[in-house]
Amino acid sequence: MLDQMTLYPIADDVLFAPGGKVVIRTYGVAPATTGASVSYRTWVTGIRDQPRYWHWGHFEDATSGHRRVLEWLTGRGPQPSQAPA
């Protein structure tokens, strides 16, 4: 399936916590066919009992959403308002 998708990396961050590391990765994904629309996602791995996936509508939303997720995880902001998918 991944060989039929094109991934567009936007941002990657790693946080180190007492229980291990937390990886925040935001990317665009589209079918490999030309002219297909891109959807944007933020995945968070390494945390338990918390939302770990957000879907964004546009590139600008994805970049600011990644920053909001990072701020939320480091305690500098509220949980992002975009509901996890």
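Residues numbered from 1 in each chain as written. Predicted model: local features only at pLDDT ≥ 70, side-chain atom pairs only at ≥ 80, totals over all residues. Heavy atoms only, no water.

*Asks:* Lay out the environment of Gln 79 in plain terms, naming residues and giving numbers.
*Replies:* Relative to the elements of secondary structure, Gln 79 occurs in the segment after helix H1 (59–73). C-alpha of Gln 79 to C-alpha of Arg 68: the two residues are 11 residues apart in sequence and 7.6 Å apart in space. (Helix = DSSP H or I, 4+ residues; strand = E, 2+ residues; numbered from the N terminus.)

*Asks:* Quick rundown of the nonpolar core? Include the residues and the values.
*Replies:* In terms of nonpolar packing, the biggest core is built from 11 residues, these being Val 22, Ile 24, Tyr 40, Val 44, Ile 47, Trp 54, Trp 56, Ala 62, Val 69, Leu 70 and Trp 72. Those elements giving two or more residues to this core turn out to be strand E2 (20–31), strand E3 (39–45), strand E4 (53–56) and H1. The element that contributes the greatest number of residues to this core is H1, accounting for 4 residues. (Core = buried A, V, L, I, M, F, W, Y, C linked by side-chain atoms within 4.5 Å. Buried < 20%, exposed > 50% of the residue type's maximum accessible area, 1.4 Å probe, protein only.)

*Asks:* Just give me the short version of the packing of aromatic side chains, but keep the residues and values in it.
*Replies:* In this description, a pair of aromatic rings is defined by centroid distance and the angle of the planes. On inspection of all chains with the given rule, the structure shows 3 aromatic pairs. Between the aromatic rings of Tyr 40 and Phe 59, the centroid separation amounts to 6.3 Å while the plane-to-plane angle is 75°, which identifies the pairing as edge-to-face. Of the two residues, Tyr 40 sits in strand E3 while Phe 59 sits in helix H1, which places them 19 residues apart along the sequence. Classification of Tyr 40 by relative accessible area gives buried; the value is 14%. Of the residues examined, Phe 59 reaches a relative accessible area of 41% and is grouped as partly exposed. Their ring planes at 55° and their centres at 4.7 Å tell us that Trp 43 and Tyr 53 sit as a pair that is tilted. Of this pair, Trp 43 sits in strand E3 while Tyr 53 is found in strand E4, placing the two residues 10 residues apart along the sequence. Note on Trp 43: relative accessible area 37%, which makes it partly exposed. (Phe/Tyr/Trp six-rings, centres within 6.5 Å; stacked < 30°, edge-to-face > 60°.)

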